[in-house]
Amino acid sequence: MTHPSTERTLVIIKPDGIQRGLAGEIISRFEKVGLKLVASKMLIPEVSHIEEHYTLDPEWRRITGEKTIEGYKSKGLTPPMDDPYKITEVILANLKKYMTSGPVIAMVWQGAHAVKIVRKLVGGTEPLTSDVGTIRGDYVLDSYAMSDADSRAIRNLIHASGNLADAEKEVNHWFKPEEVMNYRLVQEEIIYDVNLDGILE
Ligand code: ADP
Ligand code: MG
């Protein structure tokens, strides 16, 4: 069995994250929790690359459509459409515009429970209801109702892989194997070492 510390997840600082000067803050949160940055690059994504990215998971259209409908209903609002697949057609078209509108920073972060820890720090998809203390909750005021009324994607600063299977596919979609670094970070001795016997002189 591989050690949990080898888990990897894909994070993208979206164009609004770069434009709002939050790249450093976002990176800092992942550093501070103890994760290791093992790959990073800045690029302006191609439209086809974004469509492929969001459809790597064949269930993404259904899950995201259902989540949007639930987001409306939980606030006593009526969703713009009842069919989750029709909703995600629109979301995907808007996402292609959003994610190709300027440079993004794609990164791979590694460490124990990387996928879940990153999702926890990032917060829920809709900033209106993302928890306080999460990146989306602290730095964004967008909502489904506002983005849908304006026919655009929710601007929520970050993409983060949703589960381990997606993370593996997404890392391969954004990075060549040689672009992902294998190296030791000094602080890993403190985070993972069983005995902590290297501290005292
Ligand atoms: P997450 O990024 O939290 O994993 P999803 O995978 O469900 O969320 O959706 C991908 C992205 O699509 C979101 O981060 C957001 O930018 C956008 N998005 C999702 N649902 C909507 C919606 N109902 N209206 C506008 N944009 C949306
Ligand atoms: Mg997602």
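It should be noted that the structure appears before, not after, this text.
Within any chain, residue numbers begin from 1 and follow the written order of that chain's sequence. Chain letters and ligand numbers both follow the written order, the letters beginning at A and the numbers at 1. pLDDT decides what is reported in this predicted model: residues at 70 or higher carry local features, side-chain atom pairs at 80 or more are listed and counted, and totals for whole chains, interfaces and linings draw on all residues regardless. Where side-chain values are given, they derive from all heavy atoms of the structure, hydrogens and water being excluded.

**Quick word on helix α3 (residues 47–54)**
Within α3 the residues assigned to the buried category are His-49, Ile-50, His-53 and Tyr-54. One side of α3 holds all its buried residues, which, seen down the axis, span an arc of 125 degrees. We call a residue buried when its accessible area falls under 20% of the maximum for its residue type, exposed when it is over 50%, and partly exposed in between, using a 1.4 Å probe and counting protein chains only. Helix and strand assignments come from DSSP, with helices taken as H or I runs of at least 4 residues and strands as E runs of at least 2, each series counted from the N terminus. Summarising the geometry, the arc corresponds to the directions from the helix axis toward the C-beta atoms.

**Topic: the packing of helix α4 (residues 60–73) against helix α5 (residues 84–99)**
Think of each axis as a best-fit line through the C-alpha atoms, taken over the contacting stretch in the case of a helix, with angles from 0 to 180 degrees between the N-to-C directions. At a minimum axis distance of 8 Å, the contact between α4 and α5 shows a crossing angle of 100 degrees. Here α5 runs roughly perpendicular to α4, going by the angle between their axes. Judged by residue contacts, Trp-60, Arg-61, Arg-62, Thr-64, Gly-65, Glu-66, Thr-68 and Ile-69 of α4 engage Pro-84, Tyr-85, Ile-87, Thr-88, Glu-89, Ile-91, Leu-92 and Leu-95 from α5. Three categories are distinguished: nonpolar for Ala, Val, Leu, Ile, Met, Phe, Trp, Tyr, Cys and Pro, charged for Asp, Glu, Lys and Arg, and polar for the others, with Gly belonging to the last. The residue makeup of the contact of α4 with α5, split by class, is eight nonpolar, four polar and four charged. Should an angle fall under 35 degrees it is taken as roughly parallel, and over 145 as roughly antiparallel, whereas 65 to 115 is taken as roughly perpendicular and any remaining angle as oblique. Contacts are assigned to residue pairs with any non-hydrogen atoms lying within 4.5 Å of each other.

**With respect to the packing of α3 against helix α9 (residues 164–174)**
Between α3 and α9, the shortest axis-to-axis distance is 10 Å and the interhelical angle comes to 165 degrees. It follows that α3 is roughly antiparallel to α9 by the angle criterion. With respect to the hand of their crossing, α3 and α9 are arranged in right-handed fashion. Taking contact as the criterion, the partners of His-49, Ile-50, Glu-52 and His-53 in α3 are, on α9, Glu-170, His-173 and Trp-174. Class assignment of the residues belonging to the contact of α3 with α9 gives a composition of two nonpolar, three polar and two charged. If you view the pair so one helix is near and one far, a crossing is left-handed when the near helix is turned anticlockwise from the far one by less than a right angle, and right-handed when it is turned clockwise.

**Here's the deal with a nonpolar patch on the surface**
By definition, no residue in a patch forms a salt bridge, and every one has over 30% relative accessible area; like charges are joined within 9 Å, nonpolar side chains (Val, Leu, Ile, Met, Phe, Trp, Tyr) within 5 Å. Here the open area of atoms and residues is found with the Shrake-Rupley method and a 1.4 Å probe, where only the protein chains shown may cover a residue. The rule for a salt bridge is simple: a side-chain nitrogen of Lys or Arg has to be within 4 Å of a carboxyl oxygen of Asp or Glu. Where nonpolar side chains cluster on the molecular surface, the patch consists of Ile-190, Ile-191, Leu-196, Ile-199 and Leu-200 and spans about 530 Å² of accessible area. Along the chain, Ile-190 turns up in helix α10 (residues 188–192).

**Some remarks on the nonpolar core**
Core analysis: the largest hydrophobic core is formed by 22 residues, its most contacted members being Leu-95, Trp-174 and Phe-175. If you list the elements that add at least two residues to this core, you get β1 (8–13), β2 (36–43), α3, α4, α5, β3 (104–110) and α9. It is α5 that contributes the most residues to this core, six residues altogether. Discounting chain neighbours no more than four positions away, the residues touching Phe-175 are Leu-10, Ala-39, Ser-40, Lys-41, Ala-106, Met-107, Val-108 and Val-180. Nonpolar core, defined: a set of buried Ala, Val, Leu, Ile, Met, Phe, Trp, Tyr and Cys residues in which side-chain atoms within 4.5 Å join the residues together. Ranked by size, the runner-up nonpolar core spans 20 residues in total, among them Val-11, Leu-35, Val-122 and Ile-135.

**Looking at the pattern of salt bridges**
If you walk through the whole model with that rule in mind, you get ten salt bridges. Lys-36 is the salt-bridge partner of Glu-188, the closest N and O atoms lying 3.1 Å from each other. Of this pair, Glu-188 sits in helix α10 while Lys-36 is found in strand β2, placing the two residues 152 residues apart along the sequence. Two residues, Lys-41 and Glu-179, come together in a salt bridge whose shortest N-O distance is 3.1 Å. Remark: Glu-179 occurs in the loop between α9 and α10 and Lys-41 occurs in strand β2; sequence separation between them is 138 residues. On the basis of relative accessible area, Lys-41 is assigned to the partly exposed category, the value being 24%.

**Focus on α4**
Multiplying 1.5 Å by the residue count of a helix minus one yields the expected span of that helix. Here α4 contains 14 residues, and its C-alpha end-to-end distance of 20 Å stays within 8% of the 20 Å for a straight helix at 1.5 Å per residue. Listing the buried residues of α4 in full gives Trp-60, Thr-64, Gly-65, Thr-68, Ile-69, Gly-71 and Tyr-72. Along the axis of α4, the buried residues cluster in a sector spanning 155 degrees; they form a single face. Looking at the buried residues of α4, the elements they touch are α3, α5 and α8 (144–149).

**A look at the sheet that holds β1**
When DSSP finds at least two bridges between two strands, those strands are taken to pair. The strand order β2-β3-β1-β4 describes an open sheet built from four strands, whose pairing is antiparallel. The open sheet is flanked by β2 and β4 (158–160), the only strands paired with a single partner. When the angles between neighbouring strand axes are averaged without regard to direction, this sheet yields 15 degrees. Taken together, the six bridges between β1 and β3 define a ladder with antiparallel strand orientation. Within the sheet, the bridge partner assigned to Thr-9 lies in β3 and is Trp-109. Sheet contacts for helix α2 (residues 23–33): β1, β3 and β4; angle to β3, the most-contacted strand, approximately 5 degrees. Helix α6 (residues 114–122) contacts β1, β3 and β4 of the sheet and is inclined by roughly 30 degrees relative to β1.

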